[in-house]
Amino acid sequence: MENKKEYGERVARHSPASPVIKNCVLAFLIGGGICAVGQLLFFLYNMLSASMEDAYTLVTVSLIFIAVLLTGFGIFDNIAGVAGAGTLVPVTGFANAVVSPAIDTKAEGLVVGVGANIFKVAGPVILFTTLAGTLYGIIEYVMSLFV
């Protein structure tokens, strides 16, 4: 049996080299393109007399809807395959992380399939951001007692 070092060397020899610069450029361009679409939607909603706060909300909802729609049609995964992390940074990546497990397990039923698996990927993110926000709020509150 090989030790970990030998195994690592074997994997390195047989793994194709990753085009890091190309991947970074594609992630930047596609992620930036998603953000540019968001900015254009903001201008559109603002021109349609939405307040600044409402326009921000509408942009977020619109981008989530577009990501869910593209995930449902199997297009988002193709974009993510090219863009890599460029699709993960905006809210679209989070929407994809929620919808993908639901689509993958819909054949198992609404409860055992979709219900049990919908937050499989996004659940830890929701959990730990909620905990971090709560901890931050407690620290802020305690600090305000001494100021």
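Residues numbered from 1 in each chain as written. Predicted model: local features only at pLDDT ≥ 70, side-chain atom pairs only at ≥ 80, totals over all residues. Heavy atoms only, no water.

**Quick notes on the packing of aromatic side chains**
Per the counting criterion, the structure on display carries two aromatic pairs. Joined through ring pairs, the aromatic side chains of F42, F43 and Y56 make up one cluster. (Phe/Tyr/Trp six-rings, centres within 6.5 Å; stacked < 30°, edge-to-face > 60°.)

**What about the confidence of the model for the chain?**
A residue-level look at the chain finds 97% of positions with pLDDT of 70 or above and a mean pLDDT of 87. Mean pLDDT values for the elements of the chain range from 76 in helix α6 (residues 110-117) up to 94 in helix α2 (residues 20-47). (pLDDT = per-residue confidence, 0-100. Helix = DSSP H or I, 4+ residues; strand = E, 2+ residues; numbered from the N terminus.)

**A look at unusual backbone geometry**
One non-glycine residue, S49, lies in the positive phi region at around 75°. Mapping S49 onto the fold places it in the loop between α2 and α3 (52-72). Overall, S49 belongs to the exposed group, its relative accessible area being 67%. (Buried < 20%, exposed > 50% of the residue type's maximum accessible area, 1.4 Å probe, protein only.)

**Side note on the nonpolar core**
Membership of the largest hydrophobic core is limited to seven residues, which are L41, F42, Y45, A50, A55, V59 and L63. Breaking this core down by element, the ones donating at least two residues are α2 and α3. Non-local contacts of F42, meaning those with residues more than four positions away in its chain, are made with M52, A55, Y56 and V59. (Core = buried A, V, L, I, M, F, W, Y, C linked by side-chain atoms within 4.5 Å. Contact = heavy atoms within 4.5 Å.)

**Remarks on a nonpolar patch on the surface**
Taken together, F65, I66, L69, F73 and I75 make up a surface patch of nonpolar side chains, about 500 Å² in accessible area. When residues in the nonpolar patch are grouped by element, the largest group, three residues, is from α3. Along the chain, the position of F65 falls in helix α3. (Patch = residues over 30% accessible without salt bridge, like charges linked within 9 Å, V, L, I, M, F, W, Y side chains within 5 Å. Areas by Shrake-Rupley, 256 points an atom, 1.4 Å probe, with all protein chains shown as cover. Salt bridge = Lys/Arg side-chain N within 4 Å of Asp/Glu carboxyl O.)

**So, the side chain of S100**
Mapped onto the elements, S100 comes out in helix α5 (residues 91-104). Among the residues examined, S100 registers a relative accessible area of 17% and is labelled buried. With residues up to four places along the chain from it excluded, the contact list for S100 reads T71 and D77.

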